[in-house]
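Working through the structure, step by step
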Amino acid sequence: MFWFWFYQPLHLLMVACLCHSMKAPITSSRQSFNTDLFNFYHSLILADGKETTVHLLKDIPKRYYFALEEGRALEPFTITVTPCDVPIEWSILVHKASASFLGKAERGDHGTEEVSMFQKAPSMVSTIFNYKGNSVETYMGMSSHSALYMLEFLSTERDTHITVYLTTDTTSGHLYPELPMDPRIDVIGIGHTTVTLTWKHSPSVLQHRDNIQYCLLVNEKHNYKSLCAAETAIRSSGMKLPPTLALSLSPYLLEPQQVMILSKSELSIINKVSSGEVRQICIGTKNTYTVPNLSPSTQYYFDVFVVNLLTNASAAYTGTFARTLEEPEPKVRELKDGKMIQVVLDGKKQKFYSLQYQARHKKIQFTFQLCRGQVQVHITKNGKPVASENISGLRYFSLKGKLLDTYLVQLSSTEESNSSVKVQVSTHSHKPLFPLLPDSLKIKSFSKLRTCNSVTIAWLGTQEKSKYCVYKKRIEEHQVWTELQSADRCSGPESRPKSEKVLCKYFYDINLQRAVTTETIKGLDAGTLYLFDVYLFGPSGIPIRYHSKTVKTRKKC
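As a starting point, this report considers the structure included with it. Residue numbers restart at each chain and count upward from 1, following the sequence in its written direction. Per-residue local features of the predicted model are confined to residues with pLDDT of at least 70, and side-chain atom pairs are confined, for both listing and counting, to 80 or more; whole-chain, interface and lining totals are unaffected and use all residues. Remark: hydrogens and water are excluded; side-chain values derive from all non-hydrogen atoms of the structure.

Along its length, the protein carries seven helices and 36 strands. We call a residue buried when its accessible area falls under 20% of the maximum for its residue type, exposed when it is over 50%, and partly exposed in between, using a 1.4 Å probe and counting protein chains only. The buried share of the protein, reckoned over its 557 residues, is 46%. We call two residues contacting when some pair of their heavy atoms lies within 4.5 Å. In the protein, the share of contacts with a sequence separation of at least 24, taken over all contacts with a separation of at least 6, comes to 77%. Accessible surface, the protein as shown: approximately 28900 Å² in total, 52% of it carbon and sulfur. Strands here are runs of E lasting at least two residues and helices are runs of H or I lasting at least four, both read from the DSSP assignment and numbered beginning at the N terminus. All accessibility values rest on the Shrake-Rupley procedure with a 1.4 Å probe; residue burial counts only the protein chains present in the view.

Here it is as structure tokens:
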């Protein structure tokens with residue numbers, strides 16, 4: 001087995017800072033190697049066959065040493081280094097020396113003459129491997145019992161961290177899962193919101209199916225060459241990431257920026273970061289997967305990692321990318337002058353709806369009445385935007401143009417539940433379909449005027465004589481939110497049972513300050529919650545529904 005030491009004494013670090021202006025190039029390692037050799041046995045020993053995390057400060061090299069026990073013959077070994085962020089430089093240097101001297105160094109019983117002779121042998125130091133980049137690299141070699149090895153790591157961009165794995169056991173199971181001969185990911189299907197991927201099985205999956213699984217990473221930025229590189233990128237976006245074992249379905253607490261979805265034996269973790277979503281999806285041992293819920297006309301990057309559930313180590317396939325198809329052009333419906341239509345938008349399937357109108361007058365007016373949900377309206381004239389707004393209640397857009405101008409109205413749902421809106425276009429010569437509206441459509445109740453069997457409500461009117469109808473409905477406390485959210489604000493009282501009707505009356509006032517009416521509703525049950533609605537009818541007979549109001553009668557009087 002290997003004995004493995006880390007060495008970076010404080011006094012040498014201070015010298016490096018003073019003499020090299022905080023930068024010790026990796027090529028200078030050979031010159032300092034002989035000086036460092038006789039301190040390595042004071043360092044910590046890292047057991048053979050375990051992965052360790054190494055933190056690197058910018059421009060300050062870090063060195064590790066290892067050597068065979070005295071008396072061991074030639075032995076194969078492997079070193080795997082995984083950068084978790086920026087590119088790094090790392091190298092392996094070897095010093096040929098007598099086994100008896102290394103044995104004495106380990107025990108600390110070497111003499112002064114031997115130390116001096118060893119320090120004067122720079123020609124015996126050689127570099128056997130050197131690499132610069134951010135890919136996962138593995139070195140395989142044969143060690144000698146008369147050789148001492150040094151690994152040196154350097155980051156010149158910024159502080160970072162890496163993982164290092166050294167082992168002499170090349171015959172038994174591997175810490176890292178194996179990749180197939182062809183580690184590419186193939187894109188076999190692209191849709192508007194989906195991409196289907198496939199890849200060749202890892203030999204580790206075929207041999208140890210219960211302990212291995214595939215995890216997929218999806219993002220809009222770039223591919224990642226290792227799982228720790230992906231986790232580092234997510235952390236740098238301002239959020240905390242659970243350990244890699246989260247991908248192995250081990251317990252952990254999610255951060256507020258994370259959403260976990262577990263369905264059909266698949267674990268999805270959606271990380272909300274500044275550059276968009278980063279999705280982690282663990283799918284067991286199947287090697288074909290369709291990624292759902294993507295955005296149309298968007299380029300995504302896909303990485304597949306094969307993860308060892310026992311050791312948490314992973315190996316990365318060669319990442320790929322694909323662009324989803326563009327959203328199909330919505331069907332365009334013609335608007336007819338003066339005719340009211342109602343459009344229903346399915347928030348999950350059909351989020352967009354287009355209406356077209358060719359002007360027959362210079363002045364036109366679009367009218368929108370929101371019935372349910374949330375709807376955004378975007379209007380263009382001859383291809384140029386003229387209005388865009390989220391609709392609330394009743395909204396008018398009065399526009400000027402030329403004869404035969406073409407107007408395109410695009411409606412979009414801003415939530416996943418169904419939304420609906422009524423739309424009308426007309427010239428100013430047409431009589432308005434909707435009545436004149438008051439400044440507010442709120443219904444007010446008077447707490448002091450509540451009794452055990454009556455409540456008093458009030459609402460605003462207008463300067464136009466109009467008809468107002470009041471309806472009531474008995475509900476439970478837990479039904480309030482559902483009733484208010486599911487209410488169709490475009491439906492009239494004709495859809496309600498006659499038993500809910502309280503009264504209808506006409507009123508108006510030329511002075512808007514006095515255009516207020518009150519009504520006391522009697523015959524109610526004590527300690528009961530009621531939902532009250534007021535409908536306003538204009539000349540055309542189309543109703544406008546005030547905002548519903550809940551009032552509870554007194555329990556004791």
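Here the narrative resumes, following the displayed structure.
Only strands that DSSP links by at least two bridges are regarded as paired with each other. Overall, antiparallel pairing links the three strands, which are arranged β10-β11-β16 in an open sheet. Every other strand in the sheet has two partners, leaving β10 (185-190) and β16 (288-291) as the edge strands with one partner each. Across the sheet, the axes of successive neighbouring strands diverge by a mean angle of 25°, strand direction being ignored. Comment: axis = line fitted to C-alpha atoms, over the contacting stretch for helices; angle = value between 0 and 180 degrees taken between N-to-C directions.

Now for the packing of aromatic side chains. We call Phe, Tyr and Trp rings a pair once their centres come within 6.5 Å, taking the six-membered ring for Trp, and we label the pair stacked below 30 degrees between planes, edge-to-face above 60, and tilted otherwise. Applying the stated criterion across every chain yields a total of 19 aromatic pairs. Note on geometry: a ring has a charge over it if NZ (lysine) or CZ (arginine) is within 6 Å of the ring centre and within 35 degrees of the ring normal. Sitting above the plane of the Phe-537 ring, Lys-467 keeps its charged end 5.6 Å from the centroid.

Looking now at the pattern of salt bridges. Note on definitions: salt bridges are taken to be side-chain nitrogens of Lys or Arg within 4 Å of carboxyl oxygens of Asp or Glu. Per the counting criterion, the structure on display carries 13 salt bridges. Here Arg-395 ties to Glu-389 by a salt bridge, and the two come within 2.7 Å at their closest N and O atoms. Arg-545 is the salt-bridge partner of Asp-533, the closest N and O atoms lying 3.2 Å from each other. Of the two residues, Asp-533 sits in strand β34 (residues 529-537) while Arg-545 sits in strand β35 (residues 543-545), which places them twelve residues apart along the sequence. Taking the relative accessible area as the measure of exposure, Asp-533 reaches 0% and is therefore buried. Where salt bridges share partners, they join Arg-496, Glu-500, Asp-533 and Arg-545 into one cluster.

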